[in-house]
Amino acid sequence: MFDPASLTLIAITDDARDGLDKLIARALLAVEGGATMIQLRLKDADPRTQVEAARRLVSAVSVPVVVNDRADIAMAAGAAGVHLGADDTPAMLVRKFAGPEFIIGASVGDDKEVALAEGADYAGIGPVFESATKHDAGTALGIVELARLARACGPLPSVAVGGVTADRAAEIMEGAEEAGVRGVAVVRAIFGASHPDEAARAIRRAMAR
């Protein structure tokens, strides 16, 4: 069953540049440091590799694993759910075949995409800041617009994504928590760090200020 507490710190994987073993090791360190969900995002990997990576993550970590874009891969691997982009199958349609227990996240970057999040469990709003890991992410929203879109999502909890660092995580929670932002989603600041566990701890500490 979906627990909104799992949205506190979503660690999004980078490419498996040094193999799946080290990707899994980084994910384990991220969880040790306080990540509450792992999102598998391997844009350049073939479906077989994505299924293998997802299965290994599910077996290795103690937090929910969601797969970027591909509900079919998530279900084949026994993952907890999927995170859908604006160009993917709408959340409401995925819900029909995936069932009520399947976690569905939906990307939201403007008012039109708020409607596409209907049927999801949470919205990933961004990019809040300039993103160095997703070149097609669009113009940075800023915290004021993040808060506005979070309110537009109504009761749907949301997470901030895009260019999030420890300092910015504190700024995000201070400026948008009351609007319904429950946490942050991070790629480079955790998976690009030399010590993902320490990086995750720093973000959690900043969010608790």
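Here, the structure is the one placed above.
Worth saying up front: this structure is predicted, and the values here are computed from it rather than measured.

S.K.: Please clarify how the overall build of the chain should be interpreted in this entry.
M.R.: Looking only at helices and strands, one finds nine helices and eight strands in the chain. For 209 residues, the compact-globule estimate of 2.2 N^0.38 gives 17 Å, and the chain sits close to it at 15 Å. Reported as C-alpha extents along the three principal axes, the dimensions of the chain are approximately 40 × 40 × 30 Å. Among the 209 residues that make up the chain, the fraction classed as buried is 51%. A fraction of 60% describes how many contacts in the chain between residues 6 or more apart in sequence connect residues 24 or more apart. Of the accessible surface of the chain, which amounts to about 9600 Å², a share of 50% is contributed by carbon and sulfur atoms.

S.K.: I'm lost on the packing of aromatic side chains in this one. Help?
M.R.: Where two aromatic rings form a pair, the distance of their centres and the angle of their planes describe that pair. Counting across every chain of the model gives one aromatic pair. Relative to Tyr122, the ring of Phe2 has its centre 6.4 Å away and its plane inclined at 15 degrees; by these criteria the two rings are stacked. Here Phe2 is found in the segment before β1 (9-12), whereas its partner Tyr122 is found in strand β6 (residues 122-125), with 120 residues between them in sequence. Take Phe2 and Tyr122: they sit in the same class, and that class is buried. One Lys or Arg, Arg168, reaches over the ring of Phe129 and ends 4.4 Å from the middle of that ring.

S.K.: What is the right way to look at the nonpolar core in this model?
M.R.: Most often, soluble globular proteins keep nonpolar side chains buried together rather than apart. With 64 residues, the main nonpolar core has Ile125, Ile172, Val184 and Ile190 as its most contacted residues. Looking at this core, the element that brings in the most residues is helix α1 (residues 20-33), giving six residues. When residues no more than four places from it in sequence are discounted, the contact partners of Ile190 are Leu9, Ala11, Ala30, Pro196, Ala199, Ala200 and Ile203. By size, the runner-up hydrophobic cluster in this structure holds 11 residues, among which are Leu7, Ile10, Val66 and Tyr122.

S.K.: It is not clear to me how the side chain of Thr13 should be interpreted in this structure. Could you clarify?
M.R.: Tracing the chain through its elements places Thr13 in the loop between β1 and α1. Thr13 sits in the buried class, given a relative accessible area of 1%. At 2.9 Å, the side chain of Thr13 and the backbone nitrogen of Arg41 are in polar contact. Once you skip the residues sitting within four places of it in the chain, Thr13 turns out to touch Leu23, Ile38, Gln39, Leu40, Arg41, Leu42, Val187 and Phe191.

S.K.: Whenever I open this one, the packing of α1 against helix α9 (residues 196-207) confuses me. Can you help?
M.R.: Between two packed helices, the angle of one axis relative to the other and the distance separating the axes together describe the packing. In contact at an axis separation of 7 Å, α1 and α9 are set at 35 degrees when each is read in the N-to-C sense. When you trace α1 past α9, the crossing you get is right-handed. Along its contact with α1, which presents Arg26, Leu29, Ala30, Glu32 and Gly33, the element α9 presents Pro196, Asp197, Ala200, Arg201 and Arg204. For the contact of α1 with α9, the class distribution of residues is four nonpolar, one polar and five charged.

S.K.: Could you clarify how one ought to interpret helix α4 (residues 91-98) in this entry?
M.R.: All of the buried residues in α4 are Ala91, Val94, Arg95 and Ala98. Buried positions in α4, seen along its axis, are confined to an arc of 105 degrees and lie on one side of it. Buried positions along α4 lie against α3 (71-77), β4 (81-84), β5 (103-108) and α5 (111-116). Just downstream of α4, Gly99 is the residue with a positive phi angle, here 95 degrees.

S.K.: Even after reading the chapter, I still don't get the environment of Pro157, so can you show me in this structure?
M.R.: Along the polypeptide, Pro157 turns up in the loop between α6 (142-152) and β7 (158-161). Separated by 35 residues in sequence, Pro157 and Tyr122 have C-alpha atoms that sit 5.1 Å apart. Pro157 has contacts with Phe2, Leu7, Asp121, Tyr122, Ala123, Gly180 and Arg182, leaving out every residue within four places of it along the chain.

How each quantity is defined
- Residues numbered from 1 in each chain as written.
- Predicted model: local features only at pLDDT ≥ 70, side-chain atom pairs only at ≥ 80, totals over all residues.
- Heavy atoms only, no water.
- Helix = DSSP H or I, 4+ residues; strand = E, 2+ residues; numbered from the N terminus.
- Rg over C-alpha atoms; globule rule 2.2 N^0.38 Å.
- Buried < 20%, exposed > 50% of the residue type's maximum accessible area, 1.4 Å probe, protein only.
- Contact = heavy atoms within 4.5 Å.
- Areas by Shrake-Rupley, 256 points an atom, 1.4 Å probe, with all protein chains shown as cover.
- Phe/Tyr/Trp six-rings, centres within 6.5 Å; stacked < 30°, edge-to-face > 60°.
- Lys NZ or Arg CZ within 6 Å of the ring centre and 35° of its normal.
- Core = buried A, V, L, I, M, F, W, Y, C linked by side-chain atoms within 4.5 Å.
- Polar contact = N/O pair within 3.5 Å; in protein donor to acceptor, adjacent residues only side chain to side chain.
- Axes fitted to C-alpha atoms, helices over the stretch in contact; angles between N-to-C directions.
- Left-handed = near helix turned anticlockwise from the far one by under 90°.
- Nonpolar A, V, L, I, M, F, W, Y, C, P; charged D, E, K, R; others polar.
- Arc of directions from axis to C-beta.

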